[in-house]
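This is what each chain is made of:
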Amino acid sequence: MEPEIRDYSDADLSGVLRLWLECFPEVRSLIVFREMIDRKLATQPGPFLVAISAEGSVVGTVVGGMDGLNGWIYLVGVNQAFRRAGLGTRLVRAMEQRLHEVGAAFVCLQVENGRDQIVNFYHSMGYRIQPRISMVKMLQEDRPEIGQENGEGS
Ligand SMILES: CC(C)(COP(=O)(O)OP(=O)(O)OC[C@H]1O[C@@H](n2cnc3c(N)ncnc32)[C@H](O)[C@@H]1OP(=O)(O)O)[C@@H](O)C(=O)NCCC(=O)NCCS
């Protein structure tokens, strides 16, 4: 049976954190993941979708954002055992639908340099590369650099 895609609820927290530890080793911090979820829910409660297996486990996620013009897609992750079966595509499509419903003209996302397989994944759904330089500035000096802090087990 195909995993069901539905909105995130508080009961999914531990399953989402477990999945993200597997899917995003470059972050690999429960503290950072937990903070991401708290901030997301506090500032814009949705769209945040999870995929639930027949056994009831969280096996996929996608987080969306809407900045008033464009929609953004973050944290697309699928459990290893469920990959290459179309679940990632279903999650992104479901998020596109949600972002379209709230008026997004475009859907944007970022992929780290050199991750050609991920680029291929998005390319298969119609995403195209725009030649841009992505810039960022930290506004919270005490915030740990992602990848440097290790909050596992906390
Ligand atoms: C990227 C990810 C979400 C894809 O999930 P998935 O469920 O396997 O994706 P799909 O089955 O829908 O794949 C659709 C198509 O994308 C492409 N694709 C997906 N994974 C790929 C890979 N590892 N290498 C090359 N192409 C890939 C293929 O064209 C695939 O179609 P095919 O299986 O018929 O060849 C999953 O690999 C993952 O969780 N990766 C770790 C987290 C991550 O890096 N997320 C991206 C953050 S920007």
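See the structure printed just above.
Residues numbered from 1 in each chain as written. Predicted model: local features only at pLDDT ≥ 70, side-chain atom pairs only at ≥ 80, totals over all residues.

A short note on the pairing of strand 2 (residues 48-52)
Now for step 1: With four of its five residues buried, strand 2 lies for the most part within the structure.
Now for step 2: By the bridge criterion, four bridges tie strand 1 (residues 4-7) to strand 2 in an arrangement that is antiparallel. In the sheet register, Ile 5 faces strand 2, and the bridge partner there is Ala 51.
Now for step 3: Looking at chain direction, strand 2 and strand 3 (residues 58-66) are connected through five bridges and run antiparallel. When the bridges of strand 3 are listed, Ile 52 appears paired with Val 58. (Buried ≥ 20, exposed ≤ 12 C-beta atoms within 10 Å, placed from the backbone. Helix = DSSP H or I, 4+ residues; strand = E, 2+ residues; numbered from the N terminus. Pairing = 2+ DSSP bridges.)

So, the sheet that holds strand 2
Consider a sheet: its strands pair through backbone hydrogen bonds, and that pairing is either parallel or antiparallel.
Now for step 1: Here we have five strands laid out as an open sheet, ordered 1-2-3-4-5, and mixed in their pairing. In the strand order of this sheet, the two ends are held by strand 1 and strand 5 (107-108), each with one partner.
Now for step 2: The sheet contacts of helix 1 (residues 13-23) involve strand 2, strand 3 and strand 4 (71-78), and relative to strand 3 the element is tilted by about 90°. (Contact = placed C-beta atoms within 7 Å. Axes fitted to C-alpha atoms, helices over the stretch in contact; angles between N-to-C directions.)

Don't take any of this as a statement about function, it's just geometry.
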